[in-house]
Amino acid sequence: MAQFFAIHPDNPQERLIKQAAEIVRNGGVVVYPTDSCYALGCRLGDKAAMERILQIRKIDLKHHLTLMCADLSELGTYAKVDNSQFRQLKAATPGSYTFILEATKEVPNRTLHPKRKTIGLRVPDNKTALALLAELGEPLLSCTLILPEDNGEPLTDPYEIRDRLEHSVDLVIDGGWCGTELTTVVDMTDGTELIREGKGDKSLFGF
């Protein structure tokens, strides 16, 4: 049975954030709020937890998983970024963007797109997510919470999420309304290409 934490969206309770981080460290899969939708997350190095997320979503690694980072200093550890790219990223983070970047050796091969060796990275503009990431001290391997039977519509109600996933995840964090608009996805591996228009303002990248 999944645990259920109601965490204040503006003033996340430190006690609950610490407990949530401990669940992740112990191999848990968590549902947590972001600045666009609710997401599934686990530790980057946890193969079994990653496979549980893929099973819940019914996807493989051709669907990019995302490293949810606390700030750009983390992002530079896990992705190869030049000075020009870094300036663009700095202007857009935290925010509702996912960046496709070439991964460094710090990212386990099993989490990467199988042909391209790329990973999605983002820094969310959400206090609960940032508090959890800061407490963990490492990124969360994540993807948007969209169940295969829901025709691409993200789940938004934490109580419905608990009812439907109580035997599949270890923790559901109720962080209030997140919305249903997905992130804007920008591929920065070879120039700058708009892959998906979403919540983030695409004009920041000249689109």
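Throughout what follows, the structure given in this document is the object of discussion. If you're wondering where the values come from, they're calculated on a predicted model, not measured in any experiment.

## Focus: the layout of surface pockets
Here is step 1 of the chain: In this structure, the largest pocket spans a volume of roughly 430 Å³.
Here is step 2 of the chain: Around the largest pocket, the lining is made up of 24 residues, and of these His63, His64, Thr66, Val185 and Arg196 lie nearest the centre.
Here is step 3 of the chain: Mapped by element, the contributors of at least two residues to the lining of the largest pocket are β3 (38-43), β4 (66-68), β5 (97-102), β7 (140-144), β9 (184-187) and β10 (193-196).
Here is step 4 of the chain: With 3 residues, the single largest contributor to the lining of the largest pocket is β7.
Here is step 5 of the chain: For the lining of the largest pocket, the per-class residue count stands at 10 nonpolar, 9 polar and 5 charged.

## Brief notes about the side chain of Arg57
Here is step 1 of the chain: By the element assignment, Arg57 lies in helix α2 (residues 47-57).
Here is step 2 of the chain: It is Glu149 that comes nearest to the buried, bridge-free Arg57 among opposite-charge side chains, at 9.0 Å.
Here is step 3 of the chain: Not counting residues within four places of it along the chain, the set of residues in contact with Arg57 comprises Leu40, His63, Cys143, Thr144, Ile146 and Pro148.

## Digging into the pairing of β3
Here is step 1 of the chain: A large share of β3 lies buried, amounting to 5 of its 6 residues.
Here is step 2 of the chain: Examined bridge by bridge, strand β2 (residues 30-33) and β3 share 4 bridges and lie antiparallel to one another. Residue pairing across strands places Val30 opposite Gly41, the latter belonging to β3.
Here is step 3 of the chain: Between β2 and β3, which pair antiparallel and follow one another directly, the connecting turn spans 4 residues.
Here is step 4 of the chain: In this structure, β3 lies alongside β7, joined through 5 bridges in antiparallel fashion. Its bridge partner being in β7, Gly41 is matched across the sheet by Ser142.

Definitions and cut-offs
Residues numbered from 1 in each chain as written. Predicted model: local features only at pLDDT ≥ 70, side-chain atom pairs only at ≥ 80, totals over all residues. Heavy atoms only, no water. 1 Å grid on protein atoms, 1.4 Å probe; cavity = no way out; pocket = protein on both sides within 12 Å on 5 of 7 lines; lining within 4 Å. Points joined across faces, edges and corners; volume = space filled by probe spheres on them. Helix = DSSP H or I, 4+ residues; strand = E, 2+ residues; numbered from the N terminus. Nonpolar A, V, L, I, M, F, W, Y, C, P; charged D, E, K, R; others polar. Buried < 20%, exposed > 50% of the residue type's maximum accessible area, 1.4 Å probe, protein only. Lys, Arg positive; Asp, Glu negative; His and termini not counted. Salt bridge = Lys/Arg side-chain N within 4 Å of Asp/Glu carboxyl O. Contact = heavy atoms within 4.5 Å. Pairing = 2+ DSSP bridges.

From the geometry alone we can't say anything about function, so treat these as descriptive.
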